[in-house]
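# Inside the fold
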Amino acid sequence: KMIASQQLMKVFVTRRIPQEGMKVLSQSGIFDVQLWDSNEPVPRVELLRGVAGAHGLICLLSDKIDNEVLDAAGTSLKVISTFSVGFDHLAIDEIKQRGIRVGYTPEVLTDATAELTVALLLATARRLPEAVEEVKNGGWSTWKPLWLCGYGLSGSTVGVVGLGRIGLSIAKRLKPFGVTRFLYTGRQPRPENAAEIQGEYVPLDKLAEESDFVVVSCALTPETQGMCNKDFFAKMKKTAVFVNSSRGAVVNQDDLYNALTSGQIAAAGLDVTVPEPLPTSHPLLTLKNCVVLPHIGSATYATRGTMSVLVANNLLAGLKGESMPSELKL
Ligand code: NDP
Ligand code: DGY
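Residues numbered from 1 in each chain as written. Chains lettered and ligands numbered in written order. Predicted model: local features only at pLDDT ≥ 70, side-chain atom pairs only at ≥ 80, totals over all residues. Heavy atoms only, no water.

### With respect to the overall build of the protein
Going by this rule: Put simply, DSSP marks the helices as runs of H or I at least four residues long and the strands as runs of E at least two long, and each gets a number from the N terminus on. Only the C-alpha atoms count toward the radius of gyration. The rule for a globule is 2.2 Å times the residue count to the power 0.38. Residues are treated as being in contact if the distance between any of their heavy atoms lies within 4.5 Å. Throughout, the Shrake-Rupley method with a 1.4 Å probe supplies accessible areas, and for residues the shown protein chains are the sole cover considered.
Each helix and strand counted, the protein has 13 helices and twelve strands in total. Expected size for 330 residues packed as a compact globule is a radius of gyration near 20 Å; at 22 Å, the protein falls within 12% of this value. Taking the principal axes of the C-alpha coordinates as reference, the protein spans close to 75 × 50 × 30 Å. Put simply, 63% of the contacts in the protein that link residues at least 6 apart link residues at least 24 apart. Of the accessible surface of the protein, which amounts to about 16200 Å², a share of 54% is contributed by carbon and sulfur atoms.

Written as structure tokens, this is what we have:
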């Protein structure tokens, strides 16, 4: 028994994930899988303990994989497979230096995340949470011409910050609502993606000034951190709606709060915040014109199941020295 377990490669999984993925790991027959068997994040000390001597690590966006974790893992660690497309929680330079390969989950969550972003945009623009609340609290007295009015997409200009997989998928879904113009920004033009929505590549300033809806779908990088700040919101239209489903840190939340309370912008919908969870006492949660969701972009049963299988297959291929279904180029 001892010998058999010594031959198995140790894999640490930092959270309970859908069974489909766990099955792939167990059926491979080559892993000794150690699972943090909980729906809550693994405490840091348990993460450090769990990765020790591991060959593979399956982690989540809530696990910060930095030097300390890599040191705790030691030289056995060959593959990190993250249950996310975002990889801002991984110390990429360090990981690369150590020759560790990284798997992630692009594409499979694009539709679900785009769909949720459209839902959030509509809920924010048409004030759905506020309206539902009025029905429940007796605020609905009669049909009123001036009550609970919002902003529609028909004839609007939408600005997409980061026209990548998800950004394009959001834009394609918004187009049939009658959007007449798409603007987008990024590090360089993306003519192929832009052609699908007749998108115009513009500087961030122009996007802020001319959009009726701003949708943020870029990666979080040192460059994009805090990019949506005071100056950005000051350039937006007073009637514009801001939506972020990328990472919370792309937005300066204090500046967003000021923009929302001073009437500089009309409303904001956020699927992502800093920190997560956002404390229930956070000022943004006191605002009727701010809709906050608990980071549920990819949360459909099917998508999470598919993600878990991809995460397992990435790990499996990586540890066998094969090409992964979705390997992050470091
Ligand atoms: P992609 O890599 O396809 O797209 C990322 C985009 O970010 C690219 O279009 C890139 O544009 C843009 N970008 C990078 N740097 C900048 C910059 N300095 N300024 C403006 N744009 C920039 O990734 P996905 O579309 O698959 O995912 C995007 C992000 O969405 C993920 O990184 C993740 O953080 C988040 N996400 C959130 C989810 C949720 O649950 N809310 C679910 C899934 C993902 P360019 O290269 O042209 O600069
Ligand atoms: C990601 O994959 O980066 C999302 O934030 C969660 O699916």
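Read on for the rest.
### Focus: the nonpolar core
So the rule is basically this: By nonpolar core is meant a set of buried Ala, Val, Leu, Ile, Met, Phe, Trp, Tyr and Cys residues that side-chain atoms within 4.5 Å join together. Classification of residues uses two cut-offs on accessible area relative to the type maximum, computed with a 1.4 Å probe and protein chains only: under 20% is buried, over 50% is exposed, and between them is partly exposed.
One finds I65, I80, V158 and L174 to be the most contacted residues of the largest nonpolar core, which totals 65 residues. Of the residues forming this core, the biggest block, seven residues, is contributed by helix α13 (residues 301–319). Every residue in contact with I65, bar those within four places of it in the chain, is listed here: L47, L57, C59, L70, I80, H89, L90 and A91. By size, the runner-up hydrophobic cluster in this structure holds 27 residues, among which are L207, V250, V251 and L287.

### Things to note about the sheet that holds strand β10 (residues 241–244)
Spelled out, the test is: For two strands to count as paired, DSSP must find a minimum of two bridges between them. A fitted line through C-alpha atoms represents every axis, and for helices the fit uses only the stretch in contact; the resulting angles, taken between N-to-C directions, go from 0 to 180 degrees.
Judged by pairing direction, the sheet is parallel, and its seven strands sit side by side in the order β8-β7-β6-β9-β10-β11-β12 without closing on themselves. Edge positions in the sheet fall to β8 (199–201) and β12 (290–292), since each of these pairs with one other strand and no more. Adjacent strand axes in the sheet meet at a mean angle of 15 degrees, parallel and antiparallel pairs treated alike. Bridge count for strand β9 (residues 213–216) against β10 is four bridges, and the pairing is parallel.

### As for the pairing of strand β3 (residues 56–59)
If a strand is regular, its side chains alternate between the two faces of the sheet. Heads up, the condition is: When the strands point away from the viewer and the connection leading from the first strand across the helix to the second strand turns clockwise, the crossover is called right-handed.
Every second residue of β3 is oriented toward a common face, with G56 and I58 on one face and L57 and C59 on the other, all of them buried. The pairing of strand β1 (residues 9–13) with β3 spans three bridges and is classified as parallel. Note on β3: the bridge partner recorded for V13 is I58. One crossover worth recording links β3 to the parallel strand β4 (residues 79–82) by way of helix α4 (residues 67–73), and it is right-handed.

### Some details on the site of ligand 2
For the record, the criterion: When we say a residue is near a molecule or strand, we mean one of its heavy atoms is within 4 Å of it. Pairing of N or O atoms within 3.5 Å defines a polar contact, subject to two protein rules: one partner must be a possible hydrogen donor and the other a possible acceptor, and residues neighboring in sequence count only if both atoms are side-chain atoms. For this scheme, ten residues count as nonpolar: Ala, Val, Leu, Ile, Met, Phe, Trp, Tyr, Cys and Pro. Four count as charged, namely Asp, Glu, Lys and Arg, and the remainder, Gly too, count as polar.
Around ligand 2, the structure places L61, S84, V85, G86, L109, R247, H295, S298 and M307. Within the backbone of V85, one N or O atom sits 2.7 Å away from an oxygen atom of ligand 2. In this structure, an oxygen atom belonging to ligand 2 sits 2.6 Å away from a side-chain N or O atom of H295. Here ligand 2 loses 90% of its free accessible area of 230 Å² to cover by the protein chains. For the shell around ligand 2, the class distribution of residues is four nonpolar, four polar and one charged.

### Considerations on the confidence of the model for the protein
Do not read the predicted coordinates in detail wherever pLDDT is low. The test is simple: pLDDT measures how confident the predictor is about each residue, on a scale from 0 to 100.
Averaged over all residues, the pLDDT of the protein equals 97, while 98% of them reach at least 70. For this predicted complex, the interface confidence comes out at an ipTM of 0.99, alongside a pTM of 0.97.

### Details of the packing of aromatic side chains
Each aromatic ring pair is characterised by the separation of its centres together with the angle its planes make. Threshold: For this analysis, a ring pair means two rings from Phe, Tyr or Trp (six-membered ring only for Trp) whose centres lie within 6.5 Å, classed as stacked if their planes differ by under 30 degrees, edge-to-face if by over 60, and tilted for the remaining angles. Two conditions define a charge located above a ring, namely a distance within 6 Å from the ring centre to NZ of Lys or CZ of Arg, and an angle within 35 degrees of the ring normal.
For the coordinates displayed, the defined rule picks out five aromatic pairs. Ring centres 5.8 Å apart and planes at 80 degrees place the aromatic pair F232 and F233 in the edge-to-face group. What makes F233 buried here is its relative accessible area of 0%. The rings of F232, F233 and F242 are connected pair by pair, giving a single aromatic cluster. Lying over the aromatic face of W147, K144 brings its terminal NZ or CZ to 4.4 Å of the ring centre.

### A closer look at the site of ligand 1
In the neighbourhood of ligand 1, 26 residues make up the surrounding shell, with I166, R187, Q188, R190 and D271 lying closest. In the environment of ligand 1, an oxygen atom lies 2.9 Å from a nitrogen or oxygen atom belonging to the backbone of G164. In isolation ligand 1 has 920 Å² of accessible area, and contact with the protein removes 91% of it. Residues belonging to the shell around ligand 1 are distributed by class as follows: seven nonpolar, 13 polar and six charged.

### Concerning unusual backbone geometry
Of all residues except glycine, most have a negative phi; of all peptide bonds, most are trans. Geometrically, the link from V274 to P275 is a cis peptide bond, its omega value of -10 degrees lying close to zero. A cis geometry characterises the amide bond from E276 onward to P277, with omega recorded as 0 degrees. Residue position: P277 is located in the loop between β11 (267–270) and β12. Phi at H295 is positive, roughly 50 degrees, even though this residue is not glycine.

### Some remarks on the pairing of strand β6 (residues 157–161)
Counting buried residues in β6 gives five out of five residues, a clear majority hidden from the surface. The alternating pattern of β6 places T157, G159 and V161 and V158 and V160 on opposite faces, both of which are buried. Bridge count for β6 against strand β7 (residues 181–185) is five bridges, and the pairing is parallel. Bridging from a neighbouring strand, V158 pairs with F182 of β7. Taking the sense of rotation as the criterion, the β-α-β connection linking β6, helix α8 (residues 165–174) and β7 turns out right-handed. Sheet topology places β6 next to β9; four bridges connect them, and they run parallel. Residue pairing across strands places V160 opposite V215, the latter belonging to β9.

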